[in-house]
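Structural overview for review
If you want the building blocks of each chain, they are given just below.
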Amino acid sequence: MDDALYREYILEHYKRPHHFGELERPDLEFYDTNPLCGDELRVQLKLDDDHRVADIAFSGQGCAISQASASMVSDEIIGMRVDDVLRLDKQFVLDLLGIDISATRIKCALLSLKVLKSASLGGVAEWEDEGEQGSPAEASKL
């Protein structure tokens, strides 16, 4: 796909996000923000007996990149083992987005991965791009 098609695809996920909403009785969830631009994201996971992602929901608000990223990532991880989710890296998200992401938008693009990994861990995931502290984050392992 060329750049224009990827941008259209991102806007489509932003306008009509997949898995947006909340789960009844999730097994894992996490909420965090990107304090640089105000993006907010909560991810909820339902696991099966083999610790695979049986269902996912996300909610929040923010720029097109952060919300589209959450939608795209949510499509990809259904059926994935939690251990495999924890091994995902930022290139996974950047490949899904398919366009060059500027330095000012990288935290927007990667918020979904950070929140997803934190939910999978039941606490804040160590994060290579986290320079600033004080981001309000809460985790719950239900």
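For the structure given in this document, a descriptive report is provided here. As the structure is a prediction and not an experimental result, all values here were calculated from the model.

The rules behind each value
- Residues numbered from 1 in each chain as written.
- Predicted model: local features only at pLDDT ≥ 70, side-chain atom pairs only at ≥ 80, totals over all residues.
- Heavy atoms only, no water.
- Helix = DSSP H or I, 4+ residues; strand = E, 2+ residues; numbered from the N terminus.
- Contact = heavy atoms within 4.5 Å.
- Pairing = 2+ DSSP bridges.
- Buried < 20%, exposed > 50% of the residue type's maximum accessible area, 1.4 Å probe, protein only.
- Salt bridge = Lys/Arg side-chain N within 4 Å of Asp/Glu carboxyl O.
- Axes fitted to C-alpha atoms, helices over the stretch in contact; angles between N-to-C directions.
- Parallel < 35°, antiparallel > 145°, perpendicular 65-115°, else oblique.

1. Some thoughts on the environment of lysine 46
In this fold, lysine 46 is placed in strand 2 (residues 39-47). Between the C-alpha atom of lysine 46 and that of leucine 28, which follows or precedes it by 18 residues, the distance is 6.8 Å. Not counting chain neighbours up to four residues away, the residues in contact with lysine 46 comprise Leu23, Glu24, Arg25, Pro26, Asp27, Arg52, Val53, Ala54 and Asp55.

2. Examining the pairing of strand 2
Note that strand 1 (residues 28-34) and strand 2 share 7 bridges and pair antiparallel. Each bridged residue has a counterpart across the sheet, and for aspartate 32 the counterpart in strand 2 is leucine 41. Linkage of strand 1 to strand 2, two consecutive antiparallel strands, is achieved through a turn of 4 residues, within which glycine 38 is found at a positive phi near 90 degrees. Note that strand 2 and strand 3 (residues 53-61) share 8 bridges and pair antiparallel. Residue leucine 45 lies in a different strand from strand 3, and its bridge partner there is isoleucine 56.

3. A few points about unusual backbone geometry
Backbone geometry at histidine 19 places phi at a positive 65 degrees, although glycine is not the residue there. Take histidine 19: it is sitting in the loop between helix 1 (3-15) and strand 1. Among the residues examined, histidine 19 registers a relative accessible area of 28% and is labelled partly exposed. The phi dihedral of histidine 51 is positive, around 60 degrees, even though this residue is not glycine. Here histidine 51 lies in the loop between strand 2 and strand 3.

4. Some words on the pattern of salt bridges
As a working rule, side chains carrying opposite charge can pair if their charged atoms are close by. Within this structure, the stated rule accounts for 4 salt bridges. Across the pair glutamate 29 and arginine 42 runs a salt bridge whose closest N-O atoms are separated by 3.1 Å. Of the two residues, glutamate 29 is situated in strand 1 and arginine 42 in strand 2; the sequence distance between them amounts to 13 residues. A relative accessible area of 12% places glutamate 29 in the buried class. Ionic pairing is found between aspartate 84 and arginine 87, a salt bridge with its closest N-O pair at 2.6 Å. Within this pair, aspartate 84 and its partner arginine 87 are both found in helix 3 (residues 82-87), separated by 3 residues, close to a single helical turn.

5. Here we look at the packing of helix 2 (residues 64-77) against helix 4 (residues 90-97)
One can describe the packing of helix 2 onto helix 4 by two numbers: an axis separation of 10 Å at closest approach and a directional angle of 105 degrees. In this view, helix 2 runs roughly perpendicular relative to helix 4, as classed from their interaxial angle. In contact with Ile65, Ser69, Met72, Val73 and Glu76 of helix 2, helix 4 contributes Phe92, Val93, Leu96 and Leu97.

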